[in-house]
Amino acid sequence: MRAVVIGSGIGGLLASSFLVKNGYEVTVLEKAPYVGGRFTNLNYKGFGLSTGAFHMLPHGEDGPLAHLLRLLGADVTIVNSNPKGRIFYKSKTFHYRDGWRYLGLKEKAKAMKLLADIKRNRLPTEEEAEMSGREWIRERIGDNEFVDLFIKSFLGWADSVLDVPAGELAREIKAALKWGGPGLVKGGCRAITGELARITEANGGKILTKKRVVEIDPEAKRVFTSDGEEFAYDVLVSNIGIRETVELIGRENFDRNYLKRVNALKPSEGIKYNVVLKGGPRIGNTVVFTLDTERINGYNEPSSLSPELAREGYTLVMLHHALQDRNVKAEQRKGIEDIYRIFPNLDEEGEILLIQTYLNGNPVNRVASGQVIEDFPVKDVYIVGDAYKLPGGIEVEGIALGVMRTLERLGLGNFSEWYL
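These notes cover the structure that comes with them. In this text, all values refer to a predicted model and were calculated from it rather than measured experimentally.

**A few points about the overall build of the chain**
Then comes step 1: Scanning the chain for helices and strands turns up 13 helices and 20 strands.
Then comes step 2: Taken over the C-alpha trace, the chain has a radius of gyration of 21 Å; the compact-globule value for 420 residues is 22 Å, and the two agree within 12%.
Then comes step 3: Across its three principal axes, the chain shows a C-alpha extent of roughly 65 × 55 × 40 Å.
Then comes step 4: By residue count, 58% of the 420 residues in the chain fall in the buried class.

What follows is the structure, encoded as structure tokens:
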């Protein structure tokens, strides 16, 4: 069986690794000169930045991505954060559990009941599932400023949006209760995608870079590249997005209702700031959710686990904010103001090394959390990656859940216990 995988992002490489280990003849086609997509390392002025992600997994060594890596026997080290998170609020940084003091007695009781309901799988349904997640929290707990700011910060950091439907938010909370908090990857993002590329090639698969796919012919089961090559397939896995895959096949091959659903999909967009500070780790292996900032939603410190990601004598901090306006320069200015609010002595202690903006053709996610189109209506063609994240799956964990579902459809495993 021949399998062609378009795109070598983490979804494509997860799929290629499982396919090649199950006897498929695998060819991965990647338009860039490197593998990993938005989940690999970017060397910049002696620092190990990333092409997209934060060198961190939302559920660390206990989440779905870590599970798939274990099944593959991948040589990757993930260290769970301790504590799971901190909070920056009213110019102070504290352990996330201390946030309970900002809730009244009745609000605490309602919050505990809500968490218990979610644990028991009593999730929003029908109209309630489609309402604003933040409004749903307000209805269930009360109009508490701290709670709303925390949810906003969490969603901005985790999903690069400031709100999601209640059904999605409930499942993301369920995932955190079930699998725990985040964890850093030793060596950064490239440790994972590099290992997946190694597994693919070590088992006979081919990874071809600088191969841009320009057409898919589902009748002939062939893929054509810009340099005139063609590749036959029995199974095609696309890691480049639903809309992009539709365009390669030709919109005329899809019915109007499906195209309407595809056209309604919205991306998530954001800005990442790479800050370097003199000296050793400041916060360690954790995430700080920033509640009283205007734009920044959170930050982490990947060099606390992997000192090689920073030049000697420095620590690397990555901050993020969900884009709120299309005026990118104005958004960046507000983000920088927030950075100085968090690190008031930045000019003496370090600098903003690089600002990365993710929008238009290079968003944070091609499809924002809370939107899922389950079935691709072309035989033997499957979607993976950031355009196919199952409900409740945050970022790469959602990608892993989508790969699990694809593997099931190919008869390569059963992962039902992982779905939220």
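**With respect to helix H2 (residues 64-72)**
Then comes step 1: Counting buried residues along H2, seven of its nine residues qualify, which places the element largely inside the surrounding structure.
Then comes step 2: Those residues of H2 that fall on the buried side of the exposure criterion are Pro64, Leu65, Ala66, His67, Leu68, Leu69 and Leu72.
Then comes step 3: On its buried face, H2 sits against helix H1 (10-21), strand E5 (56-57), strand E6 (78-80), helix H7 (166-179), helix H8 (190-202) and helix H13 (395-409).
Then comes step 4: Taken from the residues just after H2, glycine 73 is the one with a positive phi, measuring 70°.

**Digging into the pattern of salt bridges**
Then comes step 1: Counted according to the given criterion, the structure contains 27 salt bridges.
Then comes step 2: Put simply, lysine 221 and aspartate 380 hold a salt bridge, and the shortest N to O gap is 2.4 Å. A residue pair is termed long-range when its members are at least 10 positions apart, and lysine 221 in the loop between strand E11 (213-217) and strand E12 (222-225) and aspartate 380 in the loop between strand E19 (350-358) and strand E20 (381-383) qualify at 159 residues.
Then comes step 3: Among the salt bridges present, the one from arginine 251 reaches glutamate 247, with a minimum N-O distance of 3.5 Å.

**Comments concerning empty space enclosed by the protein**
Then comes step 1: Per the counting criterion, the structure on display carries one cavity of 30 Å³ or more.
Then comes step 2: Its boundaries defined by the atoms lining it, the largest cavity holds a volume of some 70 Å³.
Then comes step 3: Residue lining of the largest cavity: Leu149, Lys152, Ser153, Thr290, Leu291, Thr293, Glu294, Arg295, Ile296, Asn297 and Gln324, and that is the complete set.
Then comes step 4: For the lining of the largest cavity, the element with the most residues is helix H6 (residues 145-158), which contributes three residues.
Then comes step 5: Here the residues of the lining of the largest cavity are counted per class, giving three nonpolar, five polar and three charged.

**Quick look at the layout of surface pockets**
Then comes step 1: The space that makes up the second largest pocket amounts to roughly 230 Å³.
Then comes step 2: Lining the second largest pocket are Pro124, Ala129, Glu130, Pro165, Gly167, Glu168, Arg171, Gly370, Val372 and Pro391.
Then comes step 3: Elements supplying a minimum of two residues to the lining of the second largest pocket: helix H4 (126-130) and H7.
Then comes step 4: Broken down by element, the residue count for the lining of the second largest pocket peaks at three residues, all from H7.
Then comes step 5: For the lining of the second largest pocket, the per-class residue count stands at five nonpolar, two polar and three charged.

**Considering the pairing of strand E3 (residues 41-44)**
Then comes step 1: Inspection of the sheet shows E3 paired to strand E4 (residues 47-50) by four bridges, in the antiparallel sense. Bridging from a neighbouring strand, asparagine 41 pairs with serine 50 of E4.

**What to know about the packing of aromatic side chains**
Then comes step 1: Counting across every chain of the model gives 13 aromatic pairs.
Then comes step 2: Ring centres 5.5 Å apart and planes at 65° place the aromatic pair tyrosine 299 and phenylalanine 343 in the edge-to-face group. With tyrosine 299 in strand E17 (residues 298-300) and phenylalanine 343 in the loop between helix H11 (328-342) and helix H12 (346-349), this pair connects stretches of sequence that are 44 residues apart.
Then comes step 3: Classification of tyrosine 299 as buried rests on a relative accessible area of 5%.
Then comes step 4: Residue phenylalanine 343 is classed as buried on the basis of its relative accessible area, which comes to 9%.

Parameters and conventions
Residues numbered from 1 in each chain as written. Predicted model: local features only at pLDDT ≥ 70, side-chain atom pairs only at ≥ 80, totals over all residues. Heavy atoms only, no water. Helix = DSSP H or I, 4+ residues; strand = E, 2+ residues; numbered from the N terminus. Rg over C-alpha atoms; globule rule 2.2 N^0.38 Å. Buried < 20%, exposed > 50% of the residue type's maximum accessible area, 1.4 Å probe, protein only. Contact = heavy atoms within 4.5 Å. Salt bridge = Lys/Arg side-chain N within 4 Å of Asp/Glu carboxyl O. 1 Å grid on protein atoms, 1.4 Å probe; cavity = no way out; pocket = protein on both sides within 12 Å on 5 of 7 lines; lining within 4 Å. Points joined across faces, edges and corners; volume = space filled by probe spheres on them. Nonpolar A, V, L, I, M, F, W, Y, C, P; charged D, E, K, R; others polar. Pairing = 2+ DSSP bridges. Phe/Tyr/Trp six-rings, centres within 6.5 Å; stacked < 30°, edge-to-face > 60°.

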